[in-house]
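Residue-level structure breakdown
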Amino acid sequence: EGEPNVEDKIQEPTEGKVERIATTSSDNQVYSIHSKTKKRLLCCLAASAGFLSPFTANIYFPALNNIQKDLGVSAELVNLTITIFMICQGASPSFWGTIADSWGRRPVYLATLLIYIGGCIGVALTPNYGGLLALRMVQAFGSSSVVAIGAGTIGDICTPSERAGYMGIFSATAMLGPVIGPVVGGVVSQQLGWRWIFWVLAILGAVMWLLLFFFLSETLRSLVGNGSGYANPTPTEWLRRRALPASERVQPPPMTRFLTIPNPFIPFMYILEKDVFCLLLYNSLQYFGFYAVLTSMTSLFSVIYGLNDMQIGLCYMANGFGCVCGSLTTGRLLNWEFQRVVKKLNIDPKRARRGRLDPSFPIERTRMHYTWIWGLIYNVFLIVYGWALQYHAPLAVVLVFQVFLGYCSTATFSATSTLLVDLFPKNSAAIVASNNLARCWLGAIAVVGIAPGIERLGVGWMLTLISLILFFSRILMMVELKYGPTWRQQRAERTELKEKKKADKKEAKLQAKLADQEKQQSPELSPE
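Predicted, not measured: the structure shown is a model, and the values here were computed from it.

**Digging into the pattern of salt bridges**
In this structure the tally under the stated criterion is 9 salt bridges. Close ionic contact of arginine 105 with aspartate 156 constitutes a salt bridge, the shortest N to O distance being 2.8 Å. Pair noted here: arginine 105 is in helix H4 (residues 105-125) and aspartate 156 is in helix H6 (residues 145-157), with a separation of 51 residues, a long-range link. By the burial criterion, arginine 105 is buried, and aspartate 156 matches it. Within this structure, Glu273, Asp275, Arg491 and Arg494 form a network of salt bridges that share partners.

Here is the structure:
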């Protein structure tokens, strides 16, 4: 999906009418040859794999007290395993995301899940705290990449007009982790012991690996285009191609791509883009608040309400239910908003579905139009939630607040992730890795700081302070909506100029080579 060759720009309204926008000269090309059923299958596989990372993180929370007693360590050291997990969870997609944008989605999926399964088995067998800490890092290194690659997979097969809906499904499935994870973790830890949590994860990872091996097609557009190419095949695709005559077989890309050493610092480079910086900082601060609520639940609910591991795990369902609802409704809302803007600007819907839009299309406002509403609602409920805990409000009231906190957080995450993929469709895995890096590292700070903060200030004032920080961060969204389109246009112009210089340099080398060949072929002049 290269930069489109724009035919026309958005025209100013004339006499109350909105002029049509011509999208690109390549509108007749199908963005993806996959049927809706195949797209749904690929989306479900990507979402199921993406579920593993948050599930692995959240299944751990109800067992923290048991792990602390079994290994004979302090609560701070147990919380350190969460912090380290999140740091690795943020960093590893920077490595795997760039590989997935070069080698393909499929080999990275399979390789990282094998690492994840090995990490799970190791944690289940570890005899001491040091082994737990090290192997949780291995787990994070293997599991966290599937989030970035999954978002990249959806970007490969979905046009902007449908992308938000599929991203909503992807996010909703991922957010089942906070719903199911603590429940499963609480039950398993209570009945079988905390080590069985990781045997469950190893079994789940093995089942997921088999599903991806047999059914997940390669989607990276630089390898397979709109799905008509052939690379990194499933067993069925390999057998189907073998059955064809040699003259009818689609040729795969060269295997030399596996010799390419990807640059793991590419996700860091995206942060230098002004609009990306605003989006990542805004989203990461929201994630900071989200994780401050999640990680403090185990100790707060145990002390205030006297709940055991299983009961605490069930309480996480309230936040998770809000997360799932936020993902699903946000995807539909963003698709509706996209269609509304397309209709308002009098763009041909068929052309919009081809995935080729004029660079002047207001994609930032289309994706982030409602974000400030979710942000302000979150601010109010975070303060109310904190003081409800401070004064020991009924548990049912506190859990209702958790639903709203989960909904508003995930709505923001879904909108931001969709916009990031829209801005960099060719490098969607790498840009989502940037997002993962920023938000996980701020989430890790939340894990480290929330317990001491509550101890010093009290839960009411601590969450009020976090809410005020998030309130002032809403300014970033105003900046993005005002200046984001300009920054995007400037980036497109820089990219076009860079590509032109590169093409000119290549042409100059070619001309010089041709001139040398002509000189060698011309007859030498003999002296008279």
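That was the structure; now back to the text.
**A short note on empty space enclosed by the protein**
One way to see where empty space is left: roll a probe the size of a water molecule over the atoms. Considering all chains together, one arrives at 2 cavities of 30 Å³ or more under this definition. Put simply, the largest cavity is a space of about 340 Å³. Taken together, 26 residues line the largest cavity, and the ones lying closest to its centre are Val147, Ala174, Met175, Asn436 and Arg439. Breaking the lining of the largest cavity down by element, the ones donating at least two residues are helix H1 (36-58), H6, helix H7 (160-174), helix H13 (274-305), helix H18 (395-423) and helix H19 (428-457). For the lining of the largest cavity, the element with the highest residue contribution is H19, accounting for 5 residues. Its residues assigned to classes, the lining of the largest cavity comprises 16 nonpolar, 9 polar and 1 charged. By volume, the second largest cavity amounts to about 30 Å³. Taken together, Ser32, His34, Asp156, Ile157, Glu218, Thr219, Arg221, Val224, Gly225, Asn226 and Gly227 make up the lining of the second largest cavity. Looking at the lining of the second largest cavity, the elements that each hand over two or more residues are H6 and helix H10 (221-224). Of the residues in the lining of the second largest cavity, the class split is 2 nonpolar, 6 polar and 3 charged.

**Concerning the environment of methionine 368**
Within the fold, methionine 368 resides in helix H16 (residues 363-368). Linking methionine 368 and serine 414, residues 46 residues apart in sequence, is a C-alpha distance of 10.0 Å.

**Considering a nonpolar patch on the surface**
A cluster of nonpolar side chains, contributed by Trp372, Ile373, Leu376, Ile377, Val400, Phe404, Leu468, Phe471, Phe472, Ile475 and Met478, occupies part of the molecular surface with about 1000 Å² of accessible area. Mapped by element, the contributors of at least two residues to the nonpolar patch are helix H17 (371-390), H18, helix H20 (459-473) and helix H21 (475-521). For the nonpolar patch, the element with the most residues is H17, which contributes 4 residues. Tracing the sequence through the fold places methionine 478 in helix H21.

**Some words on the state of the cysteines**
Evaluation of the coordinates by the stated rule reveals 0 disulfides. Among the cysteines around cysteine 43, which has no disulfide bond, cysteine 44 carries the closest sulfur, lying 5.7 Å off. Among the residues examined, cysteine 43 registers a relative accessible area of 1% and is labelled buried.

**As for the nonpolar core**
Within the largest apolar cluster, 136 residues are counted, with the highest numbers of intra-cluster contacts made by Leu212, Tyr291, Phe301, Tyr385 and Ile466. No other element matches H13, which puts 17 residues into this core. If sequence neighbours within four positions are ignored, tyrosine 291 has contacts with Ala57, Asn58, Phe61, Met86, Gly443, Ala446 and Val447.

**Focus on the confidence of the model for the chain**
Averaged over all residues, the pLDDT of the chain equals 81, while 91% of them reach at least 70. Across residues 1-27, confidence stays below pLDDT 50; counting only partners more than four residues off in sequence or on other chains, it has 59 contacts.

**Considerations on the environment of isoleucine 84**
The topology assignment puts isoleucine 84 in helix H3 (residues 75-100). With a relative accessible area of 21%, isoleucine 84 lands in the partly exposed category. Linking isoleucine 84 and alanine 148, residues 64 residues apart in sequence, is a C-alpha distance of 19 Å. With residues near it in sequence (within four places) discarded, isoleucine 84 still touches Leu133 and Met137.

**Section: the environment of isoleucine 373**
Along the chain, isoleucine 373 falls in helix H17. Expressed as a C-alpha distance, the spacing of isoleucine 373 and threonine 412, which sit 39 residues apart in the sequence, is 9.8 Å.

**Here's the deal with the packing of H1 against H7**
Axis separation between H1 and H7 bottoms out at 7 Å; the angle between their running directions is 35 degrees. Considering only the axes of H1 and H7, their crossing is right-handed. Two secondary-structure elements touch here, H1 through Lys36, Lys39, Arg40, Cys43, Ala46, Ala47, Ser48, Gly50, Phe51 and Pro54 and H7 through Glu162, Tyr166, Ile169, Phe170, Thr173 and Ala174. Along the lines of polarity and charge, the residues of the contact of H1 with H7 split into 9 nonpolar, 3 polar and 4 charged.

**Concerning the packing of aromatic side chains**
This model, assessed by the stated rule, comprises 20 aromatic pairs. Seen from their ring centres, tyrosine 60 and phenylalanine 198 are 6.2 Å apart, and the 65 degrees between their planes marks the pair as edge-to-face. On the criterion of sequence distance, the pair formed by tyrosine 60 in the loop between H1 and helix H2 (64-71) and phenylalanine 198 in helix H9 (residues 195-215) is long-range, its members being 138 residues apart. Note on phenylalanine 213 and phenylalanine 214: the rings are 5.0 Å apart at their centroids and 85 degrees apart in plane angle, and the pair reads as edge-to-face. When its relative accessible area of 40% is taken as the criterion, phenylalanine 214 is described as partly exposed. Ring-pair connections join several aromatic residues into one group, and the members of that group are Tyr287, Phe290, Tyr291 and Phe413. In this structure, arginine 136 is placed above the aromatic ring of tyrosine 60, and the distance from its NZ or CZ to the ring centre is 4.0 Å. One cation-aromatic arrangement involves arginine 136 over phenylalanine 85; the distance from NZ or CZ to the ring centre is 4.2 Å.

Calculation criteria
Residues numbered from 1 in each chain as written. Predicted model: local features only at pLDDT ≥ 70, side-chain atom pairs only at ≥ 80, totals over all residues. Heavy atoms only, no water. Salt bridge = Lys/Arg side-chain N within 4 Å of Asp/Glu carboxyl O. Helix = DSSP H or I, 4+ residues; strand = E, 2+ residues; numbered from the N terminus. Buried < 20%, exposed > 50% of the residue type's maximum accessible area, 1.4 Å probe, protein only. 1 Å grid on protein atoms, 1.4 Å probe; cavity = no way out; pocket = protein on both sides within 12 Å on 5 of 7 lines; lining within 4 Å. Points joined across faces, edges and corners; volume = space filled by probe spheres on them. Nonpolar A, V, L, I, M, F, W, Y, C, P; charged D, E, K, R; others polar. Patch = residues over 30% accessible without salt bridge, like charges linked within 9 Å, V, L, I, M, F, W, Y side chains within 5 Å. Areas by Shrake-Rupley, 256 points an atom, 1.4 Å probe, with all protein chains shown as cover. Disulfide = S-S within 2.5 Å. Core = buried A, V, L, I, M, F, W, Y, C linked by side-chain atoms within 4.5 Å. Contact = heavy atoms within 4.5 Å. pLDDT = per-residue confidence, 0-100. Axes fitted to C-alpha atoms, helices over the stretch in contact; angles between N-to-C directions. Left-handed = near helix turned anticlockwise from the far one by under 90°. Phe/Tyr/Trp six-rings, centres within 6.5 Å; stacked < 30°, edge-to-face > 60°. Lys NZ or Arg CZ within 6 Å of the ring centre and 35° of its normal.

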